[in-house]
There are 2 protein chains.
Amino acid sequence: MADAIRVLAIDAVEKAKSGHPGMPMGMADVATVLWTRFLKMDADDPRWADRDRFILSAGHGSMLMYALLHLTGQAGMGIEEIKRFRQLHSPAAGHPEYGEHPGIEMTTGPLGQGISTAVGFAMAERMMAARFGKSLVDHRTWVIASDGDLQEGISHEASSLAAHLKLNKLCVLWDDNHISIDGDTAVSFTEDVLARYRAYGWATRRINGHDHEEIASALSWAQKSRKPVIIACRTIIGFSAPKKAGTAASHGAALGPDEASAAKSALGWNHAPFEIPEGIKGEWEAAGRRDAGTRRSWLKRLAKHPQRDEFERAVAGRLPEGWQESFAAYKAKVAEDKPKIASRIASQRALEVLVPAIPEMVGGSADLTGSNNTNVKGIPSINPDNFAGRYVHYGIREHGMAAAMNGMALHGGVIPYSGTFLVFADYLRPSLRLAALMGIRAIHVLTHDSIGLGEDGPTHQPVETLASLRAIPNLCTFRPADTLETAECWEIAVRRQDGPSVLALSRQNLPALRDDAGENRSARGGYVIREASAERKATIIATGSEVHIAVAAAETLEAEGIPVAVVSMPCWELFALQDVQHQQAVLGTAPRVGVEAALRFGWDRWIGADGIFIGMQGFGASAPAEQLYPHFGITADAIAAAVRKSIS
Amino acid sequence: MADAIRVLAIDAVEKAKSGHPGMPMGMADVATVLWTRFLKMDADDPRWADRDRFILSAGHGSMLMYALLHLTGQAGMGIEEIKRFRQLHSPAAGHPEYGEHPGIEMTTGPLGQGISTAVGFAMAERMMAARFGKSLVDHRTWVIASDGDLQEGISHEASSLAAHLKLNKLCVLWDDNHISIDGDTAVSFTEDVLARYRAYGWATRRINGHDHEEIASALSWAQKSRKPVIIACRTIIGFSAPKKAGTAASHGAALGPDEASAAKSALGWNHAPFEIPEGIKGEWEAAGRRDAGTRRSWLKRLAKHPQRDEFERAVAGRLPEGWQESFAAYKAKVAEDKPKIASRIASQRALEVLVPAIPEMVGGSADLTGSNNTNVKGIPSINPDNFAGRYVHYGIREHGMAAAMNGMALHGGVIPYSGTFLVFADYLRPSLRLAALMGIRAIHVLTHDSIGLGEDGPTHQPVETLASLRAIPNLCTFRPADTLETAECWEIAVRRQDGPSVLALSRQNLPALRDDAGENRSARGGYVIREASAERKATIIATGSEVHIAVAAAETLEAEGIPVAVVSMPCWELFALQDVQHQQAVLGTAPRVGVEAALRFGWDRWIGADGIFIGMQGFGASAPAEQLYPHFGITADAIAAAVRKSIS
């Protein structure tokens, strides 16, 4: 049966003339034992909520995944799809892509992401089990990982956290093949990986990855572990290829016709390309339906379960009823109270309403809880002995945090949000990109969003970070101007099911600018927050903590008889989606001045290449915030002067 | 003597009303023993080339650094500077900033960077020793690191590499205080850190960080180690503060007047704020000059050393004579041969000339040597037993690689360059930002720079990456169009002493577009690569692998009688530095069309908000490159149509 995986990988890569045959050939035995004897699944419903999750962290070995989906007879991965491996519109893409086939749990390829995201899957399983009970939620997370996954720093962060949380239903199968692209892993990778994992608190074992009984015995053992498990599977990359097996040559390129044919001969495989004998295919298809009965029993339990509706709602990612009403009441109160607080505090106040109302929201922070204001009174943290909490102390592990959040969002039933400083978005960026690519709801509360953080200085002051986030497709970057806008942005982020959001929030206090809580004005991305008293002579466009400075400038100018409008643009991405008429109505035809305590990069879209921009020119500096704004020329006076200049 | 550090930290934070007193108070004893008995230094020349390097990886404890510089009597860190801790223009910034004082080896603050950069310092020491001998180069790298440093993934990558290379002159002093911002580290960090380090291959020891003899004994032992060393120093954060010691309350805020005064009483310290008794100051100053004789001997050895000039040149970062001539000859040959090769291959050809001519260039790759084309025939790799090589197999550790590169550049005598895929710039971004902030020469060869990489698909295809890099201040992002431009960009990057560079290079072949090797036309960032036959009707601006497509479009248009110029803009940052007249001359006044196989973000600056852009709209796809370009509408026909539309 394992050989069927090998030949499909050989044939598909050969036909595509590109791809990675070595890994599927090496890990075919491990995958076969896992999928035919251990993995809880039903090929007839690859999205069954209580299935075991299988993550191919070594995503370059995508043909392993496609071969398994095909062999178990899953719809949407027929032999025609396999033949179109790596071709336009094929679900059998170069790397496994979330959404291309329901059996693909996540997009992998960037190393370290799969194993780290798997930690989030396993966390979500424990949290969902705590909420709905073992009769509905009781499954495992299996990972196939490569040397590269274990070298990447993100996996260190996630693995340490997994052990801390004693995620014993997580099992990593490490393809210990001693080969990476530069050759023998010994050229750079000589640590004792399993000793390292034991130091984290994992259970470890070493096996021959081509011996089915050894594999089965290790997987049985893993199922009984009280710690997360890593199994080093000693394999031969490109197994069966007479010349290239055990070498980097089999890793990332087609074997070539001669070697491909010799490899098949070595396996005693005498069938035409892409042909799987019926007997073998039948065995695979039966294996793929082993748990059909288990699933039927589960469906019966679900049907009778008192929390059935709630479970189905949470898994589907639909928000509960009632939250909008309480949140509308909160916004109305904000509009009345007009608090002058930092937007990070405003975010906490919004969370005080949202988190109780939406039970699947799970917060956290990379060890900056008190600074990010991500926790809410009365919400306990999870810990290794109790997953009924809804807050995670991720430790100083931004990248692992973001990956775990992706895993929770992908698992379903959890809406993860958490926090760090905005400048440290750089540390978690690869996972954020993946969230955007997959289109999943992960919400990042990124505080201390400008020079307004003051004394910590340029290492902590984002200047290019907003631009770098706005550049990521399908990510919404929000930068609200006051407490009401912060509430509106939270509302949009929570509703947004098909992509991640960032909330960039201030450390410093911001005055309230609005008293109208009725319509969510941030939902269109940008709007006139202060209209001119007469026909506009200029439009000032600002975001976040600079909007009130822009309003002050407008007031000065109005006093001089210069009518000026101020546009608040908390979310560029949403504004860009509006029709042109709306955009023009908001932005006007008068000269425009942009204001943001960040670099100009990207602003020309809104103010034109000739528009004046008031903001940063380079990195920040260490000093109290009240001194930094004038030092860098971001003041109402400077804005007013810029407007006067632009209309002169 | 240690108490002098503590009270300076207390007083400075108290006066600034912000900062981190807990760490300096906790690590004062360790730092005192290190600086007064072990660290090879001479306060009279903090840049002495053979000094030991001291890296405060826990940069938030910056007052520890400033107190040490002040107490040892270093110029530029007088008590007035300490009193202006965290104020504008003070060298005593919120976090240690490279360039603010010669005794500060690097900027720290973002956790994990210091310890990982230190690995690069230690690598550079070994490489310089291999080149110039132990009589000139024989020093150690000492690091003070926090829990956060050890939780961050980057430190895992760097620590694994350090052990692989057996960097036994690297010693990390871990401030094991059991406290992080969210409280006891046990809320998220329960691994056995020292066992993990032993698994990497480090020597480890655990000591009482307040017992001077235990500290001294451990440091002596470290000096004899054959492996890198980590010492867990059990300390009490905020040591001596009666209420806040041992708690997170002492970490990141002023103690407050009462607690500050009580802490001083507990130490038996009865002096006015910022007053250090002469006796103690005298002891410290003497300690800071302990190695003055060692330095004088070293200077004598240097004076007589046969490689003296070469050593001084390399340490100063000046390029050797002769390289320009050989490189000019290479460029002339390229102009003649007009090879049609990928720009990653063009980069390798440039390196074949540069690396032999510039002996301090040290290459590498994060396990993509064959794809990044970063190595050159005949250049051996370094290995634990031989540092005479000039190539580093960094493993699949992009972040650790970039930090190590920073360390090598900061150490002096090495010009590091290395490679990964462009999309994985995200994995190393925090270190790249730090290189830009510090203004150091680290060169990143980032290949596979667009959908042109083909089948690997959207996880590997950068679309937003160029924009995200161009947004970083003081980073030059080069995207050359052909082999000659690639050579020009390499020339600029190598000469550029005050900031990092990225070379974004194609996987696919690119035709030669120029035959003029005389002037380095890329040096002005952008230039007319194909002038219109008559007065321009339009200007097409393109970069990298899309320039030849733009030229093809221009030829089509010219054939229709529409005179069109094509601008190649390999480096936006350099073009932005040109005077407006030059920019206008290049860009012209005719309508502009931008072309790049990436997102539009940032392009409005050059083409205007109304200009037409031919490029990507979102993430890429998995398919052969030849299909992806038409699929995403990046073709000569589409460009020609856009020009026709823009002039109609």
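Residues numbered from 1 in each chain as written. Chains lettered and ligands numbered in written order. Predicted model: local features only at pLDDT ≥ 70, side-chain atom pairs only at ≥ 80, totals over all residues. Heavy atoms only, no water.

Caption draft 1: Structural view of helix H10 (residues 257-267) of chain A. Residue and element names in this part refer to chain A. Those residues of H10 not exposed but buried are Glu-259, Ala-260, Ala-263, Lys-264 and Leu-267. The buried residues of H10 occupy an angular sector of 140° when the element is viewed end-on, so they sit on one face. The exposed residues of H10 that point more than 90 degrees off its buried face are Pro-257, Asp-258, Ser-265 and Ala-266. Along its buried surface, H10 packs onto helix H1 (2-16) and helix H2 (22-38). Gly-268 sits one or two residues past H10 and shows a positive phi near 70°. (Buried < 20%, exposed > 50% of the residue type's maximum accessible area, 1.4 Å probe, protein only. Helix = DSSP H or I, 4+ residues; strand = E, 2+ residues; numbered from the N terminus. Arc of directions from axis to C-beta. Contact = heavy atoms within 4.5 Å.)

Caption draft 2: Up close: the interface of chain B and chain A. With 93 residues of chain B at the interface, the matching set in chain A holds 93 residues. The contact between chain B and chain A buries some 7,700 Å² in all, and 58% of this surface belongs to carbon and sulfur atoms. In terms of surface lost to chain A, no three residues of chain B exceed B:Tyr427, B:Arg433 and B:Phe601, which account for 10% of the buried area on that side. Along the contact surface separating chain B from chain A lie 6 salt bridges. Taking the shortest distance from any N to any O, the salt bridge between A:Asp456 and B:Arg86 comes out at 2.6 Å. (Buried area = accessible area lost by both parts, 1.4 Å probe. Salt bridge = Lys/Arg side-chain N within 4 Å of Asp/Glu carboxyl O.)

Caption draft 3: Spatial organisation of the packing of aromatic side chains. Per the stated rule, a full pass over the model turns up 35 aromatic pairs over all chains. Ring centres of A:Phe132 and A:Phe311 lie 5.1 Å apart, and the angle between their planes is 85°; on these two criteria the pair is classed as edge-to-face. Placement of the pair is A:Phe132 in helix H5 (residues 113-132) and A:Phe311 in helix H13 (residues 308-316), with a sequence separation of 179 residues. The pair A:Phe132 / A:Phe311 is uniform in exposure class, with both members buried. Ring geometry for A:Trp298 and A:Phe311: centres 6.0 Å apart, planes at 65°, overall edge-to-face. One end of the pair, A:Trp298, is in helix H12 (residues 292-304); the other, A:Phe311, is in helix H13, with 13 residues separating them in the sequence. Of the residues examined, A:Phe311 reaches a relative accessible area of 3% and is grouped as buried. Through a chain of ring-to-ring contacts, three or more aromatic side chains come together here, namely A:Trp572, A:Phe575, A:Phe601, A:Trp603, A:Trp606, A:Phe613, B:Trp572, B:Phe575, B:Phe601, B:Trp603, B:Trp606 and B:Phe613. Here A:Arg470 stacks its cationic end above the ring of A:Trp572, 3.8 Å away from the centre of that ring. (Phe/Tyr/Trp six-rings, centres within 6.5 Å; stacked < 30°, edge-to-face > 60°. Lys NZ or Arg CZ within 6 Å of the ring centre and 35° of its normal.)

Caption draft 4: The relation of the copies chain B and chain A, seen in detail. Superposition of chain B onto chain A requires a rotation of 180° combined with a translation of 0.0 Å along the rotation axis, giving an RMSD of 0.0 Å. Both chain copies can therefore be described as sitting about a two-fold axis. Every residue of chain B has its C-alpha some distance from the rotation axis, and the shortest such distance is that of B:Gly153, at 1.8 Å. When the interface residues of chain B are mapped onto chain A, 100% of them are again interface residues, pointing to one common binding face. (Least-squares fit on C-alpha atoms with pLDDT ≥ 70 in both.)

Caption draft 5: Main features of the pattern of salt bridges. All names here are of chain A. What the rule picks out here adds up to 79 salt bridges over all chains. Note that Glu-191 and Arg-196 form a salt bridge whose closest N and O atoms lie 2.6 Å from each other. In this pair, the class of Glu-191 matches that of Arg-196, namely buried. A cluster of three or more residues bridged by salt bridges with shared partners is formed by Asp-449, Arg-470, Arg-479, Glu-546 and Glu-596.

Caption draft 6: Fine view of the domain arrangement of chain A. Residue and element names in this part refer to chain A. Examined at the domain level, chain A breaks down into domain 1 (2-281), domain 2 (323-510) and domain 3 (524-647). Placing a centre on the C-alpha atoms of domain 2 and another on those of domain 3 gives a separation of 25 Å. Facing 28 residues of domain 2, the contacting portion of domain 3 comprises 33 residues. Between domain 2 and domain 3 the total buried area reaches about 2,300 Å² when both faces are included, carbon and sulfur atoms providing 60% of it. For the pair domain 2 and domain 3, the interface holds 3 salt bridges. (Domains from an automatic or database assignment.)

Caption draft 7: The arrangement of the sheet that holds strand S18 (residues 564-568) of chain A in detail. All names here are of chain A. One open sheet holds the 5 strands; their spatial order is S16-S18-S17-S19-S20, and the pairing between them is mixed. Single-partner strands in this sheet number two, and they are strand S16 (527-530) and strand S20 (612-614). Here the average twist between neighbouring strands, direction ignored, is 30°. Bridge count for S16 against S18 is 3 bridges, and the pairing is antiparallel. (Pairing = 2+ DSSP bridges. Axes fitted to C-alpha atoms, helices over the stretch in contact; angles between N-to-C directions.)

Caption draft 8: Spatial organisation of the pairing of strand S12 (residues 443-447) of chain A. Residue and element names in this part refer to chain A. By the criterion of burial, S12 is predominantly enclosed, with 5 of the 5 residues buried. Neither face of S12 is exposed, since Ile-443, Val-445 and Thr-447 on one face and His-444 and Leu-446 on the opposite face are all buried. The pairing of strand S11 (residues 415-421) with S12 spans 5 bridges and is parallel. Residue pairing for S12: Tyr-417 is matched across the bridge by Ile-443. Note that the unit made of S11, helix H18 (residues 425-438) and S12 has a crossover that is right-handed. Sheet topology note: the S12/strand S14 (residues 501-505) ladder contains 5 bridges and is parallel. Residue pairing in the sheet places Ile-443 in a bridge with Ser-501 of S14. (Right-handed = clockwise from strand over helix to strand, strands pointing away.)

Caption draft 9: Just the pairing of strand S14 (residues 501-505) of chain B, in detail. All names here are of chain B. Burial of S14 is extensive: 5 of the 5 residues sit out of reach of the surface. Covered by surrounding structure in S14 are Ser-501, Leu-503 and Leu-505 together with Val-502 and Ala-504, the residues of both alternating faces. Sheet topology note: the strand S13 (residues 476-478)/S14 ladder contains 3 bridges and is parallel. When the sheet's bridge partners are listed, Thr-477 is paired in S14 with Val-502. A crossover connection joins S13 to the parallel S14 through helix H20 (residues 483-495); in handedness this β-α-β unit is right-handed.

Caption draft 10: Main features of the UniProt feature "domain: Transketolase-like pyrimidine-binding" (unreviewed entry) in chain A. Mapped onto the present numbering, the UniProt feature "domain: Transketolase-like pyrimidine-binding" (unreviewed entry) falls at residues 341-512 of chain A. Each end of residues 341-512 of chain A is marked by a C-alpha atom, and these two atoms are 8 Å apart; helix forms 38% of the span and strand 19%. (UniProt positions renumbered as here; feature names shortened; annotations may be inferred.)

Caption draft 11: Looking closely at unusual backbone geometry. At A:Ser240, a position not held by glycine, the phi torsion is positive, near 95°. With respect to the secondary-structure elements, A:Ser240 resides in the loop between strand S7 (229-234) and H10. One non-glycine residue with positive phi stands out, namely B:His89, at about 70°. Counting through the fold element by element, B:His89 comes out in the loop between helix H4 (79-83) and helix H5 (113-132). For B:His89, a relative accessible area of 63% corresponds to the exposed category.

Caption draft 12: The arrangement of the state of the cysteines in detail. Residues and elements named next belong to chain A. A full pass over the atoms with the stated rule returns 0 disulfides over all chains. Not part of a disulfide, Cys-476 finds its nearest cysteine sulfur in Cys-571, a span of 4.1 Å. Of all cysteine sulfurs in the structure, the one in Cys-571 sits closest to Cys-489, which takes part in no disulfide; the separation is 7.1 Å. Assessed through its relative accessible area of 0%, Cys-489 is described here as buried. (Disulfide = S-S within 2.5 Å.)

Caption draft 13: Up close: the sheet that holds strand S6 (residues 203-208) of chain A. Residues and elements named next belong to chain A. The 5 strands lie next to each other as S1-S2-S3-S7-S6, forming an open sheet whose pairing is parallel. The sheet is open, and its two borders are formed by strand S1 (53-56) and S6, each paired with just one other strand. Averaged over all pairs of adjacent strands, the angle between strand axes in this sheet comes to 15°, irrespective of strand direction. Here strand S3 (residues 170-176) pairs with S7 via 6 bridges, running parallel. Across the sheet, Cys-171 pairs through a bridge with Val-229, a residue of S7. Contacts from helix H3 (residues 62-71) reach S1 and strand S2 (141-145) within the one sheet, and its direction differs from that of S1 by about 145°.

Caption draft 14: Just the environment of B:Leu469, in detail. Position of B:Leu469 relative to the elements: it lies in helix H19 (residues 465-470). Discounting chain neighbours no more than four positions away, the residues touching B:Leu469 are B:Leu422, B:Ala425, B:Arg429, B:Leu432, B:Leu446, B:Leu475, B:Thr477 and B:Val502.

Caption draft 15: Region of the structure containing helix H14 (residues 323-337) of chain A. All names here are of chain A. The end-to-end C-alpha distance of H14 is 21 Å, a good match for the 21 Å that 15 residues give at a rise of 1.5 Å each. Considered for burial, the residues of H14 that qualify are Trp-323, Phe-327, Tyr-330, Lys-331, Val-334 and Ala-335. Down the axis, H14 shows its buried residues gathered within 140° of arc, on one side only. More than 90 degrees from the buried face of H14, the exposed residues found are Glu-325, Lys-333 and Glu-336. Buried residues belonging to H14 abut helix H15 (343-357) and helix H20 (483-495). Where H14 ends, the next residue or the one after it, Lys-338, has phi of about 45°, a positive value. (Expected span 1.5 Å × (residues − 1).)

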